[in-house]
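Chain by chain, the residues run as shown.
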Amino acid sequence: MRKKLATILKDTLDLCFKEGYLRQMPLPEFVIEIPNNPDHGHFATNLAMTLAKEQKNSPRNIAEIIIRHLVDHDRFILKAEIGGAGFINFFVATEQWYNLLSNIITLRDDYGRNSLGRGEKIMVEFVSANPTGPIHLGHGRGAALGDSLCRILAFSGYDVSREFYINDGGQQINILGESIYSRWRQLSDPSYPFPEDGYQGDYIHELALDIAKETKLENLDKHEAIDLLTELGKDKMLKEIKEDLANFRIHFDLWYKESDLYSSGKIDSAIKLIEKRGLLFEKDGALWIRTSSFGDDKDRVVRKKDGEFTYFATDISYHLDKWKRGFKRVINIWGADHHGYVDRVKAALMAEGIPDNWLDVLLIQLVKLWQGGAEVKMSKRSGKYVTLQELVDDVGVDAVRFVFLSKDHTTPLDFDIDLVKRKDSENPVYYVQYAHARICSIFRKAAKENIHLPEHPGSILQRLDLDEEIALIRKMAEFPLLIEEIAGDLVPHRLTYYLTELAGGFHRYYNRHRVISNDRTLSQARLLLSSGVKIIIKNGLSLLGVSAPETM
RNA sequence: GCGCCUGUAGCUCAGCUGGAUAGAGCAGCGGACUUCUAAUCCGCAGGUCGCAGGUUCGAGUCCUGCCAGGCGUACCA
């Protein structure tokens, strides 16, 4: 509807220029917003104010001229008024709102879908937790964000791929093997030393027990045993990570192994490409890439003195591989502690001729856990942290996802377990789900009384003549544009707020008016209204990966 | 030192590309179930938008400086 209004305004300006009501000038940037105050209309624009300076006329005079010459062949606008310093407030003809509601009901699951992405290939890489321990809360937040983003991008016409990068090489994996080995030895010899930088968590102990049950380790020498434990431990950890994510309703299209980059020679070819561009040099026995030419603070090592590639080198080749696979755009979701790494990777990509804006990195801030009014301290080093699975077992997938998604990822998140566990009004996820369940309940009741949604709403909709009813439809009308904005700005948290407002609007309505009454057509009209709300709540929750229950 | 993020009601947070009287949930106080689910609703109270300047018709939003908190500044991964 906003687009329709924008067209009307443009046509109107053209007319005013042509007929000389206003001085000819380039079209200024102006906004059409939805005012907070209902007295200010359904839509408002600052158009007259943006014209004022150039027109050498007062905003209110210009608004007057625009209103007088509005090009509105379809009688879209009921009335237009001047407000404040020169806003133009528009009231849309009621019929338009009825059409919109009919449209929602026709489109159902597709209401809100758009073609912003034009089928473009886009990849979201997220979680990518090292297979050296279970996934914890921080990963969970990234998982919820990444998955929801993918759902929204797919809904917006992108061809989306979800990818998990497995760091299955390098030092930390060896430490995993050594840690398991020590725990295994400690089964028979409690004094056996544990590596200083080993992983402390109880899961290492469990892994040792598990593997010892299935595999004979006694006959192997230490190195063979550690190698084997590294492999088995890694596989078991990865399996657990996959299960935990599946329980969190998250599935990936591709699990990409870091080790494949080595075996396929992709690291070498990535570095050769940089060499070809003359951005590689040797210093102090190491191989460096001149990232400082592309906005990085300093140059970076890709191959160490000892001949090993750095993690940075594998990352460069991994991203080059993403590029070669034809993704038009890539989004990475990383923990905020990686922020120093962003410029470096972007610089390296630019050194390979990849444009700066190809990669978007979303940094998620820390999750702090609260219980009993105190912060639950977490540290991976000491092995003391709450896993995602524990939290999900405790409070349920829906609540965890909703809470994670209800905050902007740039702000640190305080997660209060006690609060999220309570299945009452304190938890917004139930507030939204409850509205859905309530509407389902109304439909059950209606079916019993043999009242059904009409096939062709037509004139029945005219029975929706309360301000609250029109206001609800107006709220519903915001949904498609909101989805486009979220897909464009990568901000799914806005959806949780929208859904809470929509649910609130319905709850209020429900408490004041009966949907089902003796008046059959009125009942049908209100069922149509309820149906619209239900459709949007269901679509919205599904984009967050949250269920929409029919009963609660 | 330099860089990134954050600072809005007692608490947790929204505030869309600058717009009209800064919002929501929780916590506090007072009300509403013989009627479609009270996991709901209604009302009251609660604010120097960290501080100080600047830009302009207009700033929580943009710019500069300062203060506070978090994180990062590896030939680790």
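In what follows, the structure referred to is the one given above.
Residues numbered from 1 in each chain as written. Chains lettered and ligands numbered in written order. Predicted model: local features only at pLDDT ≥ 70, side-chain atom pairs only at ≥ 80, totals over all residues. Heavy atoms only, no water.

**Structural notes on the overall build of chain A**
Heads up, the condition is: Helix numbering and strand numbering both begin at the N terminus, where a helix is a DSSP run of H or I of at least 4 residues and a strand a DSSP run of E of at least 2. A contact between two residues is defined here by any heavy atoms of the two lying within 4.5 Å. Computed by Shrake-Rupley with a 1.4 Å probe, the accessible areas treat only the displayed protein chains as cover when residues are assessed. Charge counting treats Lys and Arg as positive and Asp and Glu as negative, with His and both chain ends excluded. Just so you know, the charge point we use is NZ for Lys, CZ for Arg, CG for Asp and CD for Glu.
Tallying secondary structure elements over chain A gives 20 helices and 15 strands in all. Seen through its C-alpha atoms, chain A measures out along the principal axes to roughly 90 × 65 × 40 Å. Sequence-distant contacts in chain A: of pairs separated by 6 or more residues, those separated by 24 or more amount to 72%. Here chain A displays about 26,400 Å² of accessible surface, and carbon together with sulfur accounts for 48% of that area. Each charge sign in chain A was given a centre, from 73 positive and 80 negative side chains, and these centres are 4 Å apart.

**Notes on empty space enclosed by the protein**
Heads up, the rule is: A cavity, in this analysis, means grid points on a 1 Å lattice covering only the protein atoms where a 1.4 Å probe fits yet has no way out; a pocket is instead an open set bounded by protein on both sides within 12 Å along at least five of seven lines, and a residue lines either one if it has an atom within 4 Å of a point. Grid points are joined across faces, edges and corners, and a volume is the space filled by probe spheres set on the points. In this classification, the charged set is Asp, Glu, Lys and Arg, the nonpolar set is Ala, Val, Leu, Ile, Met, Phe, Trp, Tyr, Cys and Pro, and all remaining amino acids, among them Gly, are polar.
Scanning the entire structure with this criterion turns up two cavities of 30 Å³ or more. In this structure, the largest cavity spans a volume of roughly 60 Å³. Breaking the lining of the largest cavity down by element, the ones donating at least two residues are α5 (137-155) and α14 (397-405). Space inside the second largest cavity adds up to approximately 30 Å³. Along its surface, the second largest cavity is lined by K346, L349, M350, I354, P355, D356, W358 and L359. Examining the composition of the lining of the second largest cavity, we find that three residues originate from one element, helix α12 (residues 339-351), more than from any other. Of the residues assigned to the lining of the second largest cavity, the class counts are six nonpolar, no polar and two charged.

**What about the protein's contact with RNA strand B?**
Basically, it comes down to this: The criterion for a residue being near a molecule or strand is simple. One of its heavy atoms has to lie within 4 Å of it. Side-chain atoms alone can form a polar contact between residues adjacent in sequence; in general such a contact is a pair of N or O atoms within 3.5 Å, and within protein one must be able to donate a hydrogen while the other accepts it.
Lining the immediate environment of RNA strand B, one finds 66 residues, of which K304, H339, Y431, Y434 and S441 sit closest. A breakdown of the atoms of RNA strand B within 4 Å of the protein gives sugar and phosphate a share of 63%. At 2.9 Å from a sugar or linking oxygen of RNA strand B is found a side-chain nitrogen or oxygen belonging to Q172. Contact between RNA strand B and Y497: a sugar or linking oxygen at 2.4 Å from a side-chain N or O atom of the residue. Of the residues forming the surface near RNA strand B, the biggest block, nine residues, is contributed by helix α16 (residues 428-448). Each residue belonging to the surface near RNA strand B can be placed in one class, and the counts come to 22 nonpolar, 23 polar and 21 charged.

**Quick look at the sheet that holds strand β6 (residues 159-166)**
Heads up, the condition is: In this scheme, strands are said to pair when DSSP sees at least two bridges between them. In this analysis an axis means a line fitted to C-alpha atoms, helices contributing only their contacting stretch, and an angle means the value between N-to-C directions, from 0 to 180 degrees.
What the five strands build is an open sheet, ordered β7-β6-β5-β11-β12; its pairing is parallel. Each end of this open sheet is capped by a strand with a single partner; those strands are β7 (254-257) and β12 (359-364). Between one strand axis and the next, the sheet turns through 25° on average, direction left out of account. Against the sheet, α5 engages β5 (121-125), β6, β11 (329-335) and β12, with an angle of about 160° to β6.

**Focus: the packing of aromatic side chains**
Geometrically, a pair of aromatic rings is defined through the distance of the ring centres and the angle of the planes. Selection criterion: Each Phe, Tyr or Trp ring, with Trp reduced to its six-membered ring, pairs with another whose centre is within 6.5 Å; inter-plane angles below 30 degrees give stacked pairs, above 60 give edge-to-face pairs, and intermediate values give tilted ones.
This model, assessed by the stated rule, comprises 21 aromatic pairs. Pairing Y181 with Y192 gives two aromatic rings, centres 6.0 Å apart and planes at 80°, and the pair type is edge-to-face. You can see Y181 sitting in helix α6 (residues 171-188) and its partner Y192 sitting in the loop between α6 and α7 (202-214), a full eleven residues away along the chain. Ring centres of F506 and Y510 lie 6.3 Å apart, and the angle between their planes is 45°; on these two criteria the pair is classed as tilted.

**Some words on helix α10 (residues 266-276)**
The test is simple: Categorising residues by exposure relies on relative accessible area from a 1.4 Å probe, with only protein chains included: less than 20% of the type maximum marks a residue as buried, more than 50% marks it as exposed, and the intermediate range marks it as partly exposed. Arc definition: it is the arc formed by the directions from the helix axis to the C-beta atoms.
Residues of α10 that are buried: I267, A270, I271 and I274. One side of α10 holds all its buried residues, which, seen down the axis, span an arc of 95°. Looking at α10, the residues exposed on the side facing more than 90 degrees away from the buried face are K272 and K276. Where α10 is buried, its residues meet α9 (258-263), β8 (280-283), β9 (286-289), β10 (300-303) and α11 (311-324).

**Things to note about the sheet that holds strand β1 (residues 32-33)**
Backbone hydrogen bonds hold the strands of a sheet together, and the pairing may be parallel or antiparallel. Across the sheet, four strands lie side by side as β1-β2-β4-β3; this open sheet has antiparallel pairing. Because the sheet does not close on itself, it has two edges, and the strands there are β1 and β3 (77-83). Summarising the sheet, β1 and strand β2 (residues 43-45) pair through two bridges and their orientation is antiparallel. Across the sheet, residue E33 finds its bridge partner in β2, namely A44.

**Comments concerning the environment of L228**
Positionally, L228 belongs in helix α8 (residues 222-247). On the basis of relative accessibility, which here comes to 30%, the residue L228 falls in the partly exposed class. Here the alpha-carbon distance between L228 and T215, two residues 13 residues apart in the chain, equals 9.7 Å. Excluding residues within four positions of it along the chain, L228 makes contact with T215, L217 and L220.

**Examining the pattern of salt bridges**
Rule in force here: Take a side-chain nitrogen of Lys or Arg and a carboxyl oxygen of Asp or Glu: if they are within 4 Å of each other, that pair is a salt bridge.
In this structure the tally under the stated criterion is 26 salt bridges. Between R249 and D398 there is a salt bridge, with its nearest N and O atoms 2.7 Å apart. Of this pair, R249 sits in the loop between α8 and β7 while D398 sits in helix α14, and the two are 149 residues apart along the sequence. Given the relative accessible area of 15%, D398 is considered buried. A network of salt bridges, in which partner residues are shared, links D147, R151, R162 and R401.

**Here we look at the pairing of β6**
Working note: regular strand, side chains alternate between the two faces of the sheet. To be explicit about the condition: Seen with its strands pointing away from the viewer, a crossover is right-handed if its path from the first strand over the helix to the second goes clockwise.
For β6, the tally of buried residues reaches seven of eight residues, placing the bulk of the element in the interior. Relative to β6, β5 is paired through five bridges, and the arrangement is parallel. Note on β6: the bridge partner recorded for V124 is R162. For the segment spanning β5, α5 and β6, crossover handedness is right-handed. Across four bridges, the pairing between β6 and β7 is parallel. Opposite Y165, over in β7, you have Y256 as the bridge partner.

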